[in-house]
Structures are given as structure tokens and as C-alpha cells.
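# Structural overview for review
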Amino acid sequence: MAEVGRAGISDPGALLPRGFWAAVEVWLERPQVANKRLCGARLEARWSAALPCAEARGPGTSSGSEQKERGPVPGQGSPGGGTGPTLRSGPKQGMACCELEEAQGQCQQEEAQREAASAPLRDSGHPGLAEGDEGDFPAADLDSLWDDFSRCLACGNSEMLAFLTCPGAGSQPEAQRELDVVLRTVIPKTSPHCLLTAPRREIVVQDVLNGTVTFLPLEEDDEGKLKVKMSNVYQIQLSHSKEEWFISVLIFCPERWHSDGIVYPKPTWLGEELLAKLAKWSVENKKSDFKSTLSLISIMKYSKAYQELKEKYKEMVKVWPEVTDPEKFVYEDVAIAAYLLILWEEERAERGLTARQSFVDLGCGNGLLVHILNSEGHPGRGIDVRRRKIWDMYGPQTQLEEDAITPNDKTLFPDVDWLIGNHSDELTPWIPVIAARSSYNCRFFVLPCCFFDFIGKYSRRQSKKTQYREYLDFIKEVGFTCGFHVDEDCLRIPSTKRVCLIGKSRTYPPSREASVDEKRTQYIKSRQGCPVSPPGRELSPSPLRVAAGSAGHCDGHQALDARVGCVARALAAEHGAGPQAKGPWLPGFHPREKAERVRNCAALPRGFIDQVVLQVANLLLGGKQLNTGSSRNGSLKTWNGGESLSLAEVASELDTETLRRLKRECGGLQTLLRNSHQVFRVVNGRVHIRDWREETLWETKQPEAKQRVRSEACKTRLCWFFTHHPDGCALSADCCPFAHGPAELRPPRTTPRKKIP
């Protein structure tokens with residue numbers, strides 16, 4: 001046994017030992033947050049078990065004398081979902097005085113541990129074995145596996161038994177060990193450059209009272225049966241000494257540790273990287289408002305599909321014609337497509353279908369998601385109010401339409417299986433409504449981003465939640481009101497807004513469609529009373545809002561029904577009861593304009609931008625008058641780099657009309673200065689003159705590929721310093737990336753558009 005790492009933990013918030021077990025759960029369920037070479041993990045089973053007593057470790061001890069107290073086997077369930085071991089309490093009778101005194105000193109500590117153990121360590125809602133996943137493990141085989149391992153410990157493997165029972169945060173050396181045992185499958189990332197892609201199974205033994213978690217790898221014997229390996233066994237241990245907490249990582253047999261760099265990293269990684277993560281997570285007093293990543297689909301299937309799609313569509317990054325970041329948008333849409341493909345594949349298996357699902361992507365944007373889904377065999381189309389340049393590159397097999405969607409009886413899709421809303425902005429709350437009214441079999445998938453109500457921007461009502469969490473709850477409420485069972489999942493995409501909401505099934509039979517649709521109508525009209533004015537302007541509440549009350553989103557279905565019923569009576573009194581009117585479902589909805597207004601200062605007149613740049617540069621250079629006519633030699637040894645000023649100090653020197661024009665743009669003055677990258681550097685709210693001598697030193701350290709791209713972009717614009725700075729350019733003409741005069745100008749590099757296969 002060897003300790004490969006030990007970290008002391010400061011715990012001012014008294015979060016330990018509960019925080020330690022929360023950190024362990026993160027490592028169990030989401031190992032990819034620490035080990036980037038993993039795709040994830042699947043907890044296949046969890047049960048209660050016991051190790052042999054210390055007295056039973058002698059020759060001649062049989063497996064029948066282990067006094068083992070097994071909990072419910074996987075598949076049969078257990079109290080609390082089978083997630084907590086049965087715990088003993090109090091020191092054992094007959095202890096020596098010093099032992100008793102020590103045990104009494106640990107009473108409060110053990111009480112905290114019992115409290116931590118009594119709470120479910122993982123509430124997946126599916127106790128026992130995970131159903132429907134590949135590689136399910138029969139309960140009888142689990143029993144046999146644990147029986148064989150316990151018998152091995154009792155019959156002579158005293159070193160492993162000692163390793164499993166080594167004292168940690170709280171110790172009862174002579175008591176029979178009550179354990180929480182987890183069968184875990186660790187899933188490596190699928191990669192064409194990595195040969196190891198097969199998932200690895202292991203047993204995780206959690207001894208809550210003892211503060212230890214031991215990871216036991218499994219392997220197949222000659223007969224194909226799983227057994228515990230005695231190599232690559234490691235343990236995470238929480239200990240307490242002199243009012244200080246420690247987390248340690250130990251390896252059972254260092255000389256038998258075989259690192260593959262993925263599932264089994266080097267011991268130094270366990271003792272440094274993993275230990276640091278566990279120590280951090282143990283004292284983080286924050287509870288996630290969101291579900292685990294990819295909780296509704298098979299992680300293994302997703303990983304394989306994602307890597308295949310990523311390899312297939314990686315060339316998109318090189319030919320991306322839009323101004324948006326290609327790596328972010330391409331790989332984000334690849335990840336969303338992989339998720340939908342697996343979701344739909346599992347849906348076909350559940351329903352016994354063979355035909356691939358059809359779809360419509362409302363607000364499809366660049367259309368890449370539609371292109372991938374079409375290319376993978378799913379019939380469908382995308383609709384967006386504004387055509388994108390990249391649409392011309394996809395080819396005729398990708399169906400994209402330029403049109404504005406106004407929710408009404410004419411914008412229904414009765415023959416479509418799924419409606420998709422991927423960052424669909426003002427259409428997001430309408431998509432569950434459109435899906436519900438299109439047909440009883442129509443489902444929806446939305447990935448909310450910007451916060452919109454049925455009309456205008458969404459207005460917050462609950463300060464106890466984050467705006468994002470509150471908006472997700474609002475969309476879930478819309479889905480429920482429309483008659484859907486709404487599931488929530490977290491995607492693996494490079495975005496802070498990565499929670500999707502899915503409506504796969506209905507809460508009512510088809511015969512109740514008319515009454516449920518009346519409820520939808522009442523709910524949508526009840527939202528008319530929500531404030532939609534710009535920030536800073538208050539609207540007086542309408543009679544509908546007074547009728548609806550201002551209690552915010554309801555957490556219970558009864559409260560929601562009561563609110564809708566109240567609004568229905570107000571609507572009947574104000575408008576009169578009757579059938580739903582044709583036309584827009586809610587007057588006042590306006591789709592976004594076809595021509596998107598640019599508000600990043602790029603559309604401001606060139607003369608206005610040049611004037612502000614000259615004025616700010618003059619301020620930073622200490623009031624020296626800039627040379628706006630002739631050029632200077634840039635080979636001077638001394639060069640005035642000016643001072644730095646805060647954005648507030650710069651703004652105070654600009655006239656009122658200039659500030660008024662900048663205020664209309666997103667980011668205002670700061671955006672304009674950041675856009676003038678050649679001249680200024682804005683760091684931590686302070687503005688500096690950019691010194692290109694420092695930039696040149698930085699560029700030499702960049703990879704050769706990036707240097708080549710930069711060199712191809714050289715001399716395509718005039719050097720501002722050569723023309724305007726009192727000392728000229730700090731670089732010579734052959735070193736400066738900008739043109740020192742019109743004679744040096746080169747035409748900008750253009751990339752020919754290619755058709756995407």
C-alpha cells in the first residue's frame with residue numbers, strides 16, 4: 001500500500017464530511033469533469049453488503065461464517081432507492097479505557113457521517129440495475145461476484161481486507177463493515193487516434209463510517225465470468241486529525257499498477273490532479289439546479305455517434321463563411337445532432353418503429369443541424385426568417401426555407417414527428433404549443449437560450465432562482481400546460497445554455513384534445529398580462545394580470561390549474577366565451593426583422609469611428625497633437641506608448657452627442673475601442689495604446705500553423721501608427737503586419753466557397 005497524495009482541507013463552512021461524499025458522487029457519476037479522456041460513467045447497480053469480520057480472518061474460516069448482512073439485491077429495490085448502507089452506531093462494548101475515550105471524542109463526527117449516509121448518495125429514480133442499457137448485469141451474477149470476492153478475502157487475502165478496512169475519518173476496527181457497493185462502467189472517449197475504446201467495469205466500495213471509497217477493477221476469467229482484479233486498485237480516504245481534515249489517495253499495490261493513460265491514469269495524476277479536484281469539490285457549497293449530463297440517453301452510444309459525426313463534418317470549420325466562430329458552432333451542432341440521433345434511435349426501439357423520424361427546425365439559423373440530420377437519413381427541413389450565406393454550400397438535399405413564423409392555425413405541421421427549437425429565441429415558448437396543436441403524435445425538443453415570453457422579452461418573477469433556471473421552469477410549465485410530459489437533460493456543448501427540454505409523450509388521451517386545447521388557449525392569453533416593456537419602464541397591470549395574480553410560476557399543478565381557471569373567467573367576462581378566433585393565436589406577436597440590425601459599432605460611419613479613435617489616442621498620449629497628414633520613420637529607438645486611462649475617464653472627455661450615439665450600440669465605447677484592435681488594448685476596464693513590439697514577441701511563440709495564417713493576412717490594411725502616431729510606427733516596415741503606405745497594400749485573402757458533400 002502506498003499513499004500517492006494527501007491534501008489538507010480548510011472547512012470554515014463545516015461542509016465535511018457531507019461535502020466529501022458529494023465530491024465522491026461527482027467522481028462516480030461524472031468522471032469526465034476531472035479526466036478529459038473519459039466520456040462518462042454509468043452506475044449500473046447499487047446494493048448494500050458487508051465484509052468479513054476481523055475475527056473471521058483465520059484459517060478454516062468458511063464463507064458461511066462471514067455473518068454477512070446483504071441488502072436488497074439490484075433489481076429488487078431498497079429503501080431510498082438502495083443508495084445508503086445500513087449503519088451501526090455507538091462504540092463496541094468491552095473497549096479499553098483509552099479506546100472508549102477516543103470513541104466518545106468521535107461521537108459528534110460519527111453523527112455527522114450517519115447524517116451524510118442517511119441521505120441518498122444518488123437519487124436516479126431507478127434503483128437497482130439500469131434498464132435498457134447495453135451490457136446489463138444480472139442480479140444473480142452480482143451476488144455471485146460479491147460472494148466470491150468476500151470468500152477470497154476471508155480465506156487468506158488479509159492484505160486486501162486490511163486495505164479495505166483501513167481507518168479513515170471514523171473507525172470501528174472490530175465491527176463488521178456495512179458497505180454501499182456500486183457497479184460502475186467507465187466509458188472512454190471514442191477517438192480514431194486511441195485504440196482503447198472499450199468500457200471498463202469496476203466495483204466501488206463505499207465505507208461511509210470509515211470515510212473510504214475503494215475502486216476494484218473487474219476482468220473476465222477464462223470462463224467469461226467477471227472477477228475482481230488485484231491490480232489497479234486505489235482508494236480515496238477522508239481522515240480527521242487535530243481539528244483538521246485530510247483527503248488521501250492510496251494505491252493497494254504500486255508495483256502492479258498498469259497505467260493506460262485513460263481509465264487508469266498514472267499514480268501522479270491521481271495524487272495531484274484528482275486529489276485537487278476532490279478537495280475543491282468537498283468544500284464547494286453549491287447545489288446544481290440541473291440534471292446530470294446526458295441523463296436520458298446512452299452515453300456509450302452518444303460518444304460513438306459524436307466522434308463519427310465530428311470526423312465526418314470537421315471540414316466545415318475550414319470553409320465556414322459566416323462571421324461567427326466556426327469551431328463553436330460546428331461542434332455544438334454536431335453534438336446536438338448526435339444527441340438527437342441517439343434519442344430518436346432509442347425511441348424507435350421503444351416504439352418498435354423502423355422509419356426514421358421526420359422533423360422541422362424552427363429558427364434553424366445557419367442550418368447545419370438540419371444538414372447533418374438530413375445527411376444521416378432523417379427527412380426534415382429548416383425554417384428561418386433570414387437566409388444565411390452558408391445555405392448555398394449545403395446542396396439541394398438540405399431543405400432550408402426563408403420565412404417568418406407567426407404562431408397561428410396556418411403554421412402547423414401535422415405530418416411531422418418532431419419540432420426542434422435550437423436557440424429559437426422568440427419562438428421558444430411557442431414550440432410546445434405548435435407541436436401540441438400540429439398532431440397528437442408530434443413531439444418537441446427545445447434548447448432555450450435568450451429569454452422570450454409569448455410576446456416580447458421574458459420578465460423575471462422569482463428572485464430566489466437564477467434567471468436561466470426560472471426561464472427553463474417557465475418553458476416546462478408551457479409544455480405541461482400543452483399536455484406533455486416534459487423531460488430535462490443537459491447536453492455536452494460549448495455553451496453556458498446547454499439544458500434541453502423534451503416533450504415525448506402526452507399526459508392525456510386523444511379523446512380529451514378539445515378540453516386540453518381550451519386550457520392551452522386560456523394559459524397563453526393569461527401571459528398577456530406579463531410586462532414586456534423595455535428595462536426601466538413599468539407597465540400598469542392589466543385586468544387579466546390582476547385576475548391571474550402575481551404569484552409567479554406555479555410549482556404545483558393544482559396552483560397552475562387554479563391560475564388558468566381564474567384567467568379563463570376574466571377572459572370570458574372581458575371578451576365573451578366562444579370558439580378560438582382564426583389568425584394569430586395571440587395578437588401582438590412579432591417575428592424578428594428579416595434584416596438583423598448590427599449593434600456592435602461596426603455599422604457606425606467610418607468617419608465617426610476614426611474621429612473617436614483619434615480623440616482617445618490623443619488623450620492616452622498626454623495631449624500631444626497627432627500627425628494626421630504626413631508619415632514618420634518607424635525605426636525610432638524611443639517610442640511614446642502613452643498612459644492608461646479607465647473607460648470612465650475616457651468617456652468623461654467625450655462630448656454628449658458622441659456618447660449618445662455610442663450608447664445605442666451593444667457595449668458602447670468599450671466595443672468601439674476593442675474593435676479598434678490595431679490601436680488599443682482594453683484590459684480590466686483600462687484603455688492602453690497597443691505596443692506592437694510586444695505583440696511580435698508573443699506571435700513568435702505561437703504554433704507554426706497560426707503564424708502562417710497571420711502572415712497571409714499581413715499588409716491588407718494600412719498601419720494606423722505609421723500615419724497618425726507622433727513617433728510613427730514602433731516597427732520597421734518589414735516587421736509590421738500592416739502596410740506602411742498604399743504601395744505595400746496587398747489584396748485581402750479570400751476563401752472560395754465549396755459545396756458541402
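Check the entry above for the structure.
Residues numbered from 1 in each chain as written. Predicted model: local features only at pLDDT ≥ 70, side-chain atom pairs only at ≥ 80, totals over all residues. Heavy atoms only, no water.

Within the chain one finds 23 helices and 18 strands. Relative to its 757 residues, the chain shows a buried fraction of 48%. Look at the contacts in the chain between residues 6 or more apart in sequence, and 70% of them connect residues 24 or more apart. Carbon and sulfur atoms make up 51% of the accessible area of the chain, which totals about 37,300 Å². (Helix = DSSP H or I, 4+ residues; strand = E, 2+ residues; numbered from the N terminus. Buried < 20%, exposed > 50% of the residue type's maximum accessible area, 1.4 Å probe, protein only. Contact = heavy atoms within 4.5 Å. Areas by Shrake-Rupley, 256 points an atom, 1.4 Å probe, with all protein chains shown as cover.)

What follows is about helix H20 (residues 668-675). All of the buried residues along H20 are Gly668, Leu669, Thr671, Leu672 and Leu673. On the buried face of H20, the contacting elements are helix H17 (606-620), helix H18 (647-652), helix H19 (656-663), strand S17 (680-683) and strand S18 (686-689).

The subject of this paragraph is the packing of helix H12 (residues 431-438) against helix H14 (residues 513-526). Here H12 crosses H14 at 160 degrees, and the two axes come no closer than 11 Å. As summarised for this structure, H12 and H14 are arranged roughly antiparallel, according to the angle between their axes. Of the two elements, H12 crosses H14, and the hand of that crossing is left-handed. Counted together, Val433, Ala436 and Arg437 of H12 and Glu513, Asp517, Arg520, Thr521 and Ile524 of H14 form the full contact between these two elements. Residues that form the contact of H12 with H14 fall into these classes: three nonpolar, one polar and four charged. (Axes fitted to C-alpha atoms, helices over the stretch in contact; angles between N-to-C directions. Parallel < 35°, antiparallel > 145°, perpendicular 65-115°, else oblique. Left-handed = near helix turned anticlockwise from the far one by under 90°. Nonpolar A, V, L, I, M, F, W, Y, C, P; charged D, E, K, R; others polar.)

This part covers the sheet that holds S18. Ordered by their spatial adjacency, three strands build an open sheet running S16-S18-S17, and the pairing between neighbours is antiparallel. Each edge of the open sheet is held by one strand with a lone partner, namely strand S16 (645-646) and S17. When S16 meets S18, the two strands line up antiparallel, connected through two bridges. What sits directly across from Ser646, in S18, is Arg686. Sheet strands in contact with H17 are S16, S17 and S18, and its direction is about 90 degrees off that of S18. (Pairing = 2+ DSSP bridges.)

Bringing the nonpolar core into the picture now. Formed by 46 residues in total, the largest nonpolar core has its most connected members in Tyr339, Leu340, Leu373 and Phe445. Residue assignment for this core shows that the elements contributing at least two residues are helix H7 (299-313), helix H8 (316-319), helix H9 (326-351), helix H10 (368-375), helix H11 (391-394), strand S12 (418-422), strand S13 (443-447) and strand S15 (499-506). The element that contributes the greatest number of residues to this core is H9, accounting for twelve residues. Leave out the neighbours within four places in its chain, and Tyr339 touches Leu294, Leu296, Ile297, Tyr302, Phe445, Asp489, Leu491, Cys500 and Ile502. Leu362, Ile383, Val433 and Tyr523 belong to the second-largest nonpolar core, a separate cluster that totals 39 residues. (Core = buried A, V, L, I, M, F, W, Y, C linked by side-chain atoms within 4.5 Å.)

Given a rise of 1.5 Å per residue, 26 residues ought to cover 38 Å, and the 37 Å separating the end C-alpha atoms of H9 matches this to within 8%. Among the residues of H9, the N-terminal cap falls to Asp325, whose side-chain oxygen and the backbone nitrogen of Glu327 are separated by 3.3 Å. The positive-phi residue at the C-terminal boundary of H9 is Gly352, with phi of around 70 degrees. (Expected span 1.5 Å × (residues − 1). Polar contact = N/O pair within 3.5 Å; in protein donor to acceptor, adjacent residues only side chain to side chain.)

Moving on, we get to the packing of aromatic side chains. Applying the stated criterion across every chain yields a total of 26 aromatic pairs. Relative to Tyr471, the ring of Tyr458 lies with its centre 5.3 Å away and its plane at 75 degrees, an arrangement referred to as edge-to-face. A residue pair is termed long-range when its members are at least 10 positions apart, and Tyr458 in the loop between S13 and helix H13 (467-481) and Tyr471 in helix H13 qualify at 13 residues. Judged by its relative accessible area of 0%, Tyr471 falls in the buried class. (Phe/Tyr/Trp six-rings, centres within 6.5 Å; stacked < 30°, edge-to-face > 60°.)

As used in these notes, a disulfide is a covalent bond between sulfur atoms, one from each of two cysteines. Within this structure, the stated rule accounts for zero disulfides. Cys152 takes part in no disulfide bond, and the closest cysteine sulfur to it belongs to Cys155, at a distance of 7.7 Å. A residue is classified by how much of its surface remains accessible, and Cys152, at 34% relative accessible area, is partly exposed. (Disulfide = S-S within 2.5 Å.)

Its place among the elements puts Ile203 in strand S4 (residues 200-207). Judged by its relative accessible area of 1%, Ile203 is buried. Spatially, the C-alpha atom of Ile203 lies 8.0 Å from that of Val228, the residues being 25 residues apart in sequence. Not counting residues up to four positions away in its chain, the partners in contact with Ile203 are Leu145, Trp146, Val181, Val182, Leu183, Thr214, Phe215, Leu216 and Leu218.

Here strand S10 (residues 380-384) lies mainly inside the structure; four of its five residues are buried. Between strand S9 (residues 359-362) and its parallel partner S10, the chain crosses via H10, and the hand of that crossover is right-handed. Across four bridges, the pairing between S10 and strand S11 (residues 399-402) is parallel. Pairing of Asp384 across the sheet is with Glu402, part of S11. (Right-handed = clockwise from strand over helix to strand, strands pointing away.)

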